[in-house]
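Spelled out, the chains give:
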Amino acid sequence: MVRPSVLLTRRWPGVVEQKLAETYDVVLNQSDRPLTATDFREAIAKYDAVLPTVTDRISAEVLDVPKARTKILANYGVGYSHIDVGAAARHGIAITNTPDVLSECTADLAMTLMLMVARRTGDGERELRAGAWSGWRPTHLVGTKVSGKTLGIVGFGRIGQKMAQRAHHGFGMDILVVSRSPVDPAFLAQFNARQCDTLEVMLPQCDFVSLHCPGGAENRNMITSARLDLMKEDAFLINTARGEIVNETALAQALMFDTIGGAALDVFEAEPRIHPMLAQCDNLVMLPHMGSATREAREAMGFRVLDNLNDFFQGGAPRDLVA
Ligand code: DGY
């Protein structure tokens, strides 16, 4: 039997690349450079499956290839707002993602960011490395207590739930939730959480707000200057979801004029470029999109793609079919 041809658009953990090669005719991206739109169009014409990830912008134009061969885009990652889902459907191309396996690690990183920004750990490390630490004193690098405070969670899917578990059971935080659909009160009770009808109701009550909703058109610019104005002036915003959810100019202004206490971002609208105003804000912690960056999560994401491919090429419905 002819083995399906499969292109990986970036380097993946070695164990997964090897495992994929046992079943598929695999082409690796040895240089690990992101594909251009032209590369992508060539790939769609050439391979049975393309395995993209968050750094690939897969627009309708990219997918509009005469005699396309690709039948599945098996995405490495849970978010797929970089793929034009409607265009893929029109061309009969299936899309899968990798949920579950990165939820804990992403929530761990959101907790890390929350603690970093509240406790000013970035300031502390920079001072130490610059050789500028003059020693302990009662007024030095005083931050904000996290334990027992109120955390607002926007988006109560798998990662939002893991965040609630950590914040409530680990740090005794009160949890408020905004979610597209009503959450079962019995489930909310596990975290002693309350669901708010709107962001407008939730934001003024929070000491911390953590974003866990999908990106894409639906949630683009959800955090506007009007909504930032609703936050307490000492509250913190954390984003490990997608950059486009936050209006970065509005956030930079809120940080510069101290209308909120601070922010911590793992994701940015024009990754890997950082909005120049954000780069000037001191009350901001930034990380380079590391939410799922553990060996365990990254390998599990790869094996989850493999499961999806196997389901698809064996003629079944892939377990993580999103469109
Ligand atoms: C995802 O999976 O969507 C993350 O952003 C990368 O792990």
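Observations concerning the overall build of the protein chain
- For the protein chain, the count of helices and strands is 13 helices and 12 strands.
- Expected size for 323 residues packed as a compact globule is a radius of gyration near 20 Å; at 21 Å, the protein chain falls within 12% of this value.
- Reported as C-alpha extents along the three principal axes, the dimensions of the protein chain are approximately 70 × 50 × 35 Å.
- The proportion of buried residues among the 323 residues of the protein chain is 48%.

Details of the packing of aromatic side chains
- On inspection of all chains with the given rule, the structure shows seven aromatic pairs.
- On the numbers, 4.6 Å between centres and 40 degrees between planes, the contact of Trp12 with Tyr76 is tilted. One end of the pair, Trp12, is in the loop between strand 1 (5-8) and helix 1 (14-23); the other, Tyr76, is in the loop between strand 4 (72-74) and helix 4 (85-90), and 64 residues separate them in sequence. Take Trp12 and Tyr76: they sit in the same class, and that class is buried.
- Arranged with centres 5.8 Å apart and planes meeting at 55 degrees, the rings of Tyr24 and Phe313 form a pair that is tilted.

Brief notes about the site of the ligand
- Taken together, Gly77, Val78, Gly79, Leu102, Arg242, His289, Ser292 and Met301 make up the full set of residues adjacent to the ligand.
- One of the side-chain nitrogen or oxygen atoms of Arg242 is found 2.7 Å away from an oxygen atom of the ligand.
- Taking 230 Å² as the accessible area of the ligand by itself, protein coverage stands at 89%.

What counts as what
Residues numbered from 1 in each chain as written. Predicted model: local features only at pLDDT ≥ 70, side-chain atom pairs only at ≥ 80, totals over all residues. Heavy atoms only, no water. Helix = DSSP H or I, 4+ residues; strand = E, 2+ residues; numbered from the N terminus. Rg over C-alpha atoms; globule rule 2.2 N^0.38 Å. Buried < 20%, exposed > 50% of the residue type's maximum accessible area, 1.4 Å probe, protein only. Phe/Tyr/Trp six-rings, centres within 6.5 Å; stacked < 30°, edge-to-face > 60°. Near = heavy atom within 4 Å. Polar contact = N/O pair within 3.5 Å; in protein donor to acceptor, adjacent residues only side chain to side chain. Areas by Shrake-Rupley, 256 points an atom, 1.4 Å probe, with all protein chains shown as cover.

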